[in-house]
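# A look at the structure
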Amino acid sequence: MNNVVVIRYQSGNIQSVLFALERIGIKPVVSADPEIISKADKVIFPGVGEASSTIKELKLSGLTSVIKELKQPFLGICLGLQLMCKHSEEGNAECLDIFDVNVKKFIPATNSKVPHVGWNTIQHMKGPLFKGIPEDSFVYYVHSFYAETGKETCAVTNYINPFSASLSKDNFHAVQFHPEKSGAVGEAILKNFIEL
């Protein structure tokens, strides 16, 4: 039950995700083919890039409707999480509307630069991705936009203001941080996802 598909699209930072999956014994398929994605046991949606151009690309390739109809465990990473929200201030993009929150741009604060780059802690964790992960574990971030907190938030990080480090609804899960760059904690989170 581990036919794992990583969605291929122009903004995907796929290589580091593939290496991380190989470290936990998974050899994923990389594809943009709706049929292959639909038949996967697990789907991973990584992302580094700009929201409005990426959502346009996903619409053109027919992947927006495919993603929303999936019933198997699905994991969005970084931009992947943001594109699963309702709306992003980045390019004023209407997103996939899986999670009932909006994506906002960080407003720089006195001691806090934008983008938010580096290690930070996660709190208030709940749900299957965080099984066995201690409170205040460190994960690695690179982002200028963040998802607000809401009823689907299942982990929080505070940088300038609290934001959703992770969101979860039904079979859809997402993390703003990069598990593939977050050492043992990130590896454990990826393992938890693969075991869903």
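Source: prediction; values computed, not measured.

For the rest of this paragraph, the subject is the environment of serine 164. Structurally, serine 164 is set in strand β12 (residues 161–169). Counting along the chain gives 42 residues from serine 164 to isoleucine 122, while the straight-line C-alpha distance between them is 9.4 Å. Each residue touching serine 164, except ones within four places of it in the same chain, is listed here: Leu81, Ala147, Glu148, Thr149, Gly150, Thr153, Ala155 and Gln176.

This paragraph deals with the layout of surface pockets. Where empty space is left in the structure can be found by rolling a water-sized probe over the atoms. One number sums up the size of the largest pocket: a volume of about 180 Å³. Tallied by class, residues from the lining of the largest pocket come to five nonpolar, eight polar and two charged.

Grouped together as the largest cluster of nonpolar side chains are 34 residues, with contacts concentrated most on Leu21, Ile44, Ile122, Phe130 and Phe177. Elements represented by at least two residues in this core include exactly β1 (4–7), α1 (14–23), β4 (74–77), β9 (137–143), β11 (153–159), β12 and α6 (183–194). Setting aside residues up to four positions removed in sequence, isoleucine 122 forms contacts with Phe130, Glu135, Asp136, Ser137, Val139, Tyr141, Val156, Thr157, Ala165 and Phe177. Among the nonpolar cores identified, the runner-up in size contains 32 residues, and Ala40, Val66, Ile67 and Phe172 belong to it.

The next subject is empty space enclosed by the protein. According to the stated counting rule, one finds one cavity of 30 Å³ or more in the structure shown. Size it by volume and the largest cavity reaches roughly 40 Å³. Taken together, Ala20, Arg23, Pro179, Glu180, Gly183, Gly186, Glu187 and Leu190 make up the full set of residues lining the largest cavity. Broken down by secondary-structure element, the contributors of at least two residues to the lining of the largest cavity are α1 and α6.

A word on the pattern of salt bridges. Scanning the entire structure with this criterion turns up seven salt bridges. Salt-bridge contacts for lysine 39 lead to glutamate 35; the nearest nitrogen and oxygen are separated by 3.0 Å. With a shortest N-O distance of 4.0 Å, lysine 104 and glutamate 148 are connected by a salt bridge. One end of the pair, lysine 104, is in strand β7 (residues 102–105); the other, glutamate 148, is in the loop between β10 (145–147) and β11, and 44 residues separate them in sequence. For lysine 104, a relative accessible area of 27% corresponds to the partly exposed category. The structure contains a network of salt bridges with shared partners spanning Lys86, Asp100 and Lys151.

Next up on the list: the pairing of β11. Judged by how many residues are buried, β11 sits mostly within the fold: six of seven residues are covered. By the bridge criterion, six bridges tie β11 to β12 in an arrangement that is antiparallel. Across the sheet, alanine 155 pairs through a bridge with serine 166, a residue of β12. In textbook terms, the turn of a hairpin is the stretch between consecutive antiparallel strands, and for β11 and β12 this stretch comprises one residue, one of which, isoleucine 160, has a positive phi near 70 degrees.

Basis of the calculations
- Within each chain, residue numbers correspond to sequence positions counted from 1 in written order.
- Owing to the predicted nature of the model, reporting of local features is limited to residues with pLDDT of at least 70; listing and counting of side-chain atom pairs is limited to 80 or more, with chain, interface and lining totals taken over all residues.
- The side-chain numbers reported here are obtained from all heavy atoms of the structure, hydrogens and water having been left aside.
- By the criteria applied, helices consist of DSSP H or I runs no shorter than four residues and strands consist of E runs no shorter than two, each listed in order from the N terminus.
- Residue contacts are counted whenever heavy atoms from the two residues lie within 4.5 Å of one another.
- In this analysis a 1.4 Å probe is tested at points of a 1 Å grid over the protein atoms alone, and where it fits but cannot get out there is a cavity; an open set with protein on both sides within 12 Å along at least five of seven lines is a pocket; lining residues have an atom within 4 Å of a point.
- Grid points are joined across faces, edges and corners, and a volume is the space filled by probe spheres set on the points.
- Each residue receives one of three labels: charged for Asp, Glu, Lys and Arg, nonpolar for Ala, Val, Leu, Ile, Met, Phe, Trp, Tyr, Cys and Pro, and polar for the others, Gly being one of them.
- Nonpolar cores were defined as sets of buried Ala, Val, Leu, Ile, Met, Phe, Trp, Tyr and Cys residues, with membership established by side-chain atoms within 4.5 Å.
- Residue exposure (1.4 Å probe, protein chains only): buried if accessible area is under 20% of the type maximum, exposed if over 50%, otherwise partly exposed.
- A side-chain nitrogen of Lys or Arg and a carboxyl oxygen of Asp or Glu constitute a salt bridge if their distance falls within 4 Å.
- At least two DSSP bridges between two strands are needed for those strands to be called paired.

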